[in-house]
Amino acid sequence: RVRRTPLDLQIKRGRIKITFCVHGVLSPLLSNIVLDEFDRELEHRGLRFVRYADDCNIYVRSQRAGERVMASVTRFITLKLKLKVNQTKSAVARPWERKFLGFSFTSHRKPRWRIAPQAVARFKERVRELTRRTRGVSIERMAKDLTRYLRGWLGYFGKCETPAVLRSLEEWIRRRLRFSRSGSSGGGGRCVMRSCANGVCAGSLPRKRRAAPTVRGGWRKARPSPSRCPIPTSTRSGFRD
């Protein structure tokens, strides 16, 4: 599906110039056709670069070299290819300060692939949408939708070289599911009601159990504790794979 949105309309000497922004499956293909000359120019200069569609990262040795290459490449794209450079998304920075297709690098002496913080934030936002208790679906349906999303997400980001991030996300997802199954977020009021129904006076309960329900009470209760049964190793390794 291709969506064309007119962005610019200019009339010069009786000629109408219309600029379109193309989105959809044809965008990478059209970018490869238009920017083929750009790739050849970078190869001719001996620069190390990686490009997908209209996103491109060029790697140099120093800040000064990066600024020089940035200026020359911008002139080439503007004057030779007659294209516009998005200055808000273009910058000269360290590799671990930038992202490319959802990935970034660590700042170690031997860099490793890592998931960009922006991609982690989008992942958590999507998981919150799938696991919120106001969806009105059963926990089985919630887990099914979440599994489908995680399978695709792990197929893309699962090859990162920072497994600690995946382990922390796994723990966070399990806590989200426990939180979704716990019902209402408040717990103190229900505890007092159950105790009074069993003939126990509320005044004899510990103070922390007499506390009024709080907004984050359910989330605190969803935190794993050492007394709970540990997750089987096979299940944990399945997430990392």
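Residues numbered from 1 in each chain as written. Predicted model: local features only at pLDDT ≥ 70, side-chain atom pairs only at ≥ 80, totals over all residues. Heavy atoms only, no water.

Draft legend 1. Molecular detail of helix α3 (residues 63-80). In a regular helix each residue adds 1.5 Å, so 18 residues correspond to 26 Å; α3 covers 25 Å between its end C-alpha atoms and thus fits that length. All of the buried residues along α3 are A65, G66, V69, S72, V73, T74, F76 and I77. Residues of α3 that are buried make contact with α2 (36-45) and β4 (55-59). With a side-chain oxygen lying 3.2 Å from the backbone nitrogen of A65, the N-terminal cap of α3 falls on S62. Once α3 ends, the next one or two residues include K82, with phi positive near 60°. (Helix = DSSP H or I, 4+ residues; strand = E, 2+ residues; numbered from the N terminus. Expected span 1.5 Å × (residues − 1). Buried < 20%, exposed > 50% of the residue type's maximum accessible area, 1.4 Å probe, protein only. Contact = heavy atoms within 4.5 Å. Polar contact = N/O pair within 3.5 Å; in protein donor to acceptor, adjacent residues only side chain to side chain.)

Draft legend 2. Quick peek at the pairing of β4. Pairing of strand β3 (residues 48-52) with β4 involves five bridges; the strand directions are antiparallel. Looking at β4, one finds that R48 is bridged to Y59. Here β3 folds back onto β4, and the loop between the two strands holds two residues, one of which, A53, carries a positive phi near 55°. (Pairing = 2+ DSSP bridges.)

Draft legend 3. Summary view of the packing of aromatic side chains. Within this structure, the stated rule accounts for nine aromatic pairs. Here F103 and W113 contribute two aromatic rings whose centre-to-centre distance is 6.2 Å and whose plane-to-plane angle is 50°, an arrangement assigned as tilted. Linking F103 in strand β5 (residues 103-105) with W113 in strand β6 (residues 113-115), this pair joins segments that are ten residues apart in sequence. Summarising the aromatic geometry, the rings of W153 and F157 are spaced 4.9 Å apart at their centres and angled 35° between planes, so their arrangement reads as tilted. On the criterion of helical spacing, the pair formed by W153 and F157 is a turn pair, its members being four residues apart in helix α5 (residues 139-157). Each of the two residues, W153 as well as F157, counts as buried. The ring of Y149 is capped by R126, whose NZ or CZ atom sits 5.9 Å from the centre of that ring. (Phe/Tyr/Trp six-rings, centres within 6.5 Å; stacked < 30°, edge-to-face > 60°. Lys NZ or Arg CZ within 6 Å of the ring centre and 35° of its normal.)

Draft legend 4. Structural context of the packing of helix α4 (residues 117-131) against helix α6 (residues 163-181). Where α4 contacts α6, the two axes come as close as 10 Å, and the packing angle between them is 20°. By the angle class used here, α4 and α6 are roughly parallel. Here α4 and α6 pass one another in a crossing that is right-handed. For the pair α4 and α6, contact is made by V120, F123, K124, V127, R128 and T131 and by L169, W172, I173, R176, L177 and S180, respectively. Looking at side-chain class alone, the contact of α4 with α6 contains seven nonpolar, two polar and three charged residues. (Axes fitted to C-alpha atoms, helices over the stretch in contact; angles between N-to-C directions. Parallel < 35°, antiparallel > 145°, perpendicular 65-115°, else oblique. Left-handed = near helix turned anticlockwise from the far one by under 90°. Nonpolar A, V, L, I, M, F, W, Y, C, P; charged D, E, K, R; others polar.)

Draft legend 5. Region of the structure containing the pattern of salt bridges. As enumerated under the stated definition, the model contains eight salt bridges in all. E41 is the partner of R45 in a salt bridge, and the nearest nitrogen-oxygen pair spans 3.0 Å. Note that R45 and E41 are positioned in helix α2 at a spacing of four residues, about one turn of the helix. Relative accessible area serves as the criterion here: at 21%, E41 is assigned to the partly exposed category. For R174, the salt bridge goes to E170, with nearest N and O atoms at 3.4 Å. With R174 and E170 both in helix α6 and four residues apart, this pair spans about one turn of that helix. Under the relative-accessibility criterion, E170 is labelled buried at 6%. Within this structure, R135, R141, D145 and R148 form a network of salt bridges that share partners. (Salt bridge = Lys/Arg side-chain N within 4 Å of Asp/Glu carboxyl O.)

Draft legend 6. Local environment of the environment of I77. Within the secondary structure, I77 sits in helix α3. Along the primary structure I77 and E37 are separated by 40 residues, whereas in three dimensions their C-alpha atoms are 9.8 Å apart. Setting aside its immediate chain neighbours within four residues, I77 contacts F38, K82, L83 and V85.

Draft legend 7. The arrangement of the nonpolar core in detail. If you look at the biggest cluster of nonpolar residues, it comprises 17 residues, and the most contacted ones within it are I115, F123, W153 and I173. Counting residues per element, the ones that place at least two in this core are α4, α5 and α6. Counting nine residues, the second-largest nonpolar core is a separate cluster that includes L42, L47, V73 and I77. (Core = buried A, V, L, I, M, F, W, Y, C linked by side-chain atoms within 4.5 Å.)

Draft legend 8. Quick peek at the side chain of T131. Following the sequence through the fold, T131 ends up in helix α4. We classify T131 as buried; its relative accessible area is 1%. At a separation of 3.1 Å, a polar atom in the side chain of T131 contacts the side chain of R176. For T131, the residues in contact, after removing those within four places along its chain, are M142, L146, R176, L177 and S180.

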